Amino acid sequence: RRHRELLKEKRRRHQELFAEQKKRRLLPEAVLQELQELQDVSTRPPEQAVPDEPAKLGSSVCCSGSCNNATGIYISLTRTKGNYKAVCLKDHSVTGLHQQLAQDFLNAQLYGPHTNRVQANEFFSIANKKDPVKKAAVQFVDKSWGQDKKEKAARFKKRWVA
Amino acid sequence: IGCEDGSVKIFQVVPGGIQFERNLDRRKGRVLCLSWHPSGTHIVAGSIDFFRVIDVTSGQTVQRIMVNHQAEKAKRECVVWAIALLSSGTVVSADSFGRVQFWHWEQGTLAESHTISTSAALSLAVSEKEDSIVVGTSTGATYQLQLLPVRLGGLEKRWVRTKPFQFHSHDVRAVAHSPTALISGGLDAQLVIRPLMEKVQKKGYDAVLRKFTFPHRRLVSCARKARLLLFQFSQYLELWRLGSTEETGKDGEVLPLCQMPEHLVQLKSKGPEHIYCSCVSPCGTWVGYSTASRFQLYRVRCDGDGVSLRKVPKVPKLLPPAYQLQFSADSESLFAASARGSVHVFQLLEPGGCKHLHTLQPPSGCSEAVYLLAPSADGHWLAAVSGDWAIHIYNLKCFKHHCVVPTYDCAVSALAIHPSTNNLVIAYSDQQLVEFSIPEKQYTSWSRAVQSRGLHRTWLERDSPITHITFNPKNPAHILLHDTYLLCILDKSLPLPDDSALLMNQSALKQLPETARKRQLHAFKICKKFQPLLFMDLLDENCLVVVERPIMDFKTQLPLPVQQKKFGT
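The shown structure was predicted, so the numbers you read here are calculated from the model rather than taken from an experiment.

**A short note on the side chain of Arg30(B)**
Among the secondary structure elements, Arg30(B) is positioned in the loop between strand E2 (17-23) and strand E3 (33-36). Of note is the side chain of Arg30(B), whose polar atom sits 2.7 Å from the side chain of Glu4(B). Leaving out residues up to four positions away in the same chain, Arg30(B) has contacts with Leu101(A), Ala102(A), Phe105(A), Cys3(B), Glu4(B), Gly6(B), Gly46(B), Ser47(B) and Ile48(B).

Shown next as structure tokens:
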């Protein structure tokens, strides 16, 4: 008898656990409500809702089938920080990809790490120094100089001028 | 055409384009360079680490040769950047290790190998006689290799690297070999022609090194009344309004502006094609441009602070599009230069429309396209220069051909019609200047005087052509012209200089007293202060607008050059 009771206990606990997990997988109540409303309002066919690559979204949490079975939309609102990007396939046609690969190859071969390239300011500075008439070295303005000063100025402006 | 996937495709050249014929044998590895055998029986295709020879009739690869097995540092792949197939069956390859190698493709052996540079050899060209090759490298150096006998008078010949040149600061991506000169084009925006001393007959101007940085076409248009400038870049146009000043000052002073120059509009061209020609109307309300496949016309409206640009719909389709665009002086017509010597005349309609009026054609036909146009200020005449260097003049009132200027064996670089006398002033690319009277259909007496006297030696030795000619409405004797390095006001009422006088005598004249100045004054008043010049025009009697393009402005934006290790740096 104790054996049967223990089993029952176990089964009950397991069922609770499963119910708990199932609940966790379901989206929060408020969100489900909103989704339901949205579906009633829009009459869009479900396929167009995701022109992006659906495979990429598979990694995040999906709606459980029980609430959105009829429409089959995969919406991920509780998205984990994945390293994916949603793109429009039309922009990335095969020809564009070939062109990009070819361009990358040329760039890597001509301007890659082994090519001994020099920055423009160094090149022209050396040219200026080697000239018969010596001139100053070339130094390009770098936007990252004096960052804290610029930030202070922006804060001052926001407070006193705007 | 060699493709990314390793295939080589043959196309037929038909009028209007190319037509696919067939595919040759495909192998793995992108094709980077191709060369036909002079007889057309074989094609050699260079790839990464190897090149292959294809028999054209069967389409099969008959030989595949690995290029990399001799490089010490075989970690890197060897890219064959340029290749050539000589009639003797020798293959010449230029690769990324800086080597130029000669192969016997039938035996699959390496005949000679020359390492000419530490960085990549990017381009090569073979002379017609196949005894000289020019190679361009990544460092900007070009080298000549020549086939010379090993012993004087002997029969055995070998390739030897003879002349090194350093004309460019950036990569040399294209080279060509003419019978008398080596031509190289670099990423530093320079085209260099180096005549070969042993091939040049007379030691005159032909033997000089020529360097070109700017195109010999007009890239800036000016709307005089509206004081607007239109700049033509390769993918977009920029419209600027000029600033103005209320002050006056002495010679050499910089006056402060009361109104700054304004960048009004940037008009981007759709698609990858370059903008070939562009123009703004004298009133400043119409802007037109043409690419290789499209011709577009826009209406510009400046109300208060805002500028609006509206495209003119239903512009008549021109096949092929315009080689030169020019608005008439009253901004009511547009002239478009087209193929086979024809010029289309369009009428511009308010508020923004365009109607094809007429097509002007030379009476005896012409196979070349028109590349320069000059309308007269009174709207009566139009001069058109076609590729065969013939200058035709048309009467716009009755749309008939009026006359043709006597032929001269040189290309025209600029021409313009005088507003009051209707004389056509022509500048040729050999620096000759000619004035032709349109109503009288003959050269003017001043022009005949210039021709018999001859132009000054310094003027004839300039190496950039005149790209724009304009006039002073207040002084009919003045002709204003400019090339890349000087602007000149030609005063027809003054005597012409002879060779003994100094041509650029403006600074000398300034220091002389009034009486001495009168004796030395001559017709050419030259200013070399603004260089390099892209454009010069007279706005009104007090203002001259001059557009300079400093070379460092764009040199700093070029792709990275290769470091040249120099002693002491």
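**With respect to the domain arrangement of chain B**
Residues and elements named next belong to chain B. Considered domain by domain, chain B is made up of domain 1 (8-212), domain 2 (215-243 + 259-357) and domain 3 (406-562). Each partner contributes residues to the interface: domain 2 has 11 residues there, and domain 3 has 16 residues. On the domain 2 side of the interface with domain 3, the three residues burying the most area are His-216, Arg-218 and Arg-224, jointly 46% of the side's total. Counting every contact that joins domain 2 to domain 3 gives 1 salt bridge. Between Arg-224 and Asp-537 there is a salt bridge, with its nearest N and O atoms 3.1 Å apart. At the boundary of domain 2 and domain 3, one finds 4 residue pairs in polar contact (both at pLDDT 80 or more). Sorting the residues of the side of domain 2 that touches domain 3 by element identifies strand E19 (220-223) and strand E20 (228-232) as the ones contributing at least two each. Of the residues in the side of domain 2 that touches domain 3, the class split is 6 nonpolar, 1 polar and 4 charged.

**A word on the side chain of Gln146(B)**
All names here are of chain B. With respect to the helices and strands, Gln-146 occurs in strand E13 (residues 141-149). By relative accessible area, Gln-146 is classed as buried at 15%. Only 3.0 Å separates the side chain of Gln-146 from the side chain of Thr-162, close enough to count as a polar contact. In this structure Gln-146 touches Asp-131, Ser-132, Arg-158, Trp-159, Val-160, Thr-162, Lys-163 and Glu-198, once residues within four positions along its chain are discounted.

**A closer look at empty space enclosed by the protein**
All names here are of chain B. All told, the structure shown has 3 cavities of 30 Å³ or more when counted by the stated rule. As a volume, the largest cavity reaches approximately 90 Å³. Looking at the largest cavity, the residues that line it are Phe-214, Pro-215, His-216, Arg-217, Leu-219, Pro-465, Thr-467, His-482, Asp-483, Thr-484, Leu-533 and Leu-534. Split by residue class, the lining of the largest cavity holds 6 nonpolar, 4 polar and 2 charged. Split by domain, the residues of the lining of the largest cavity number at least three in each of domain 2 (215-243 + 259-357) and domain 3 (406-562).

The rules we used
- Residues numbered from 1 in each chain as written.
- Chains lettered and ligands numbered in written order.
- Predicted model: local features only at pLDDT ≥ 70, side-chain atom pairs only at ≥ 80, totals over all residues.
- Heavy atoms only, no water.
- Helix = DSSP H or I, 4+ residues; strand = E, 2+ residues; numbered from the N terminus.
- Polar contact = N/O pair within 3.5 Å; in protein donor to acceptor, adjacent residues only side chain to side chain.
- Contact = heavy atoms within 4.5 Å.
- Domains from an automatic or database assignment.
- Buried area = accessible area lost by both parts, 1.4 Å probe.
- Salt bridge = Lys/Arg side-chain N within 4 Å of Asp/Glu carboxyl O.
- Nonpolar A, V, L, I, M, F, W, Y, C, P; charged D, E, K, R; others polar.
- Buried < 20%, exposed > 50% of the residue type's maximum accessible area, 1.4 Å probe, protein only.
- 1 Å grid on protein atoms, 1.4 Å probe; cavity = no way out; pocket = protein on both sides within 12 Å on 5 of 7 lines; lining within 4 Å.
- Points joined across faces, edges and corners; volume = space filled by probe spheres on them.

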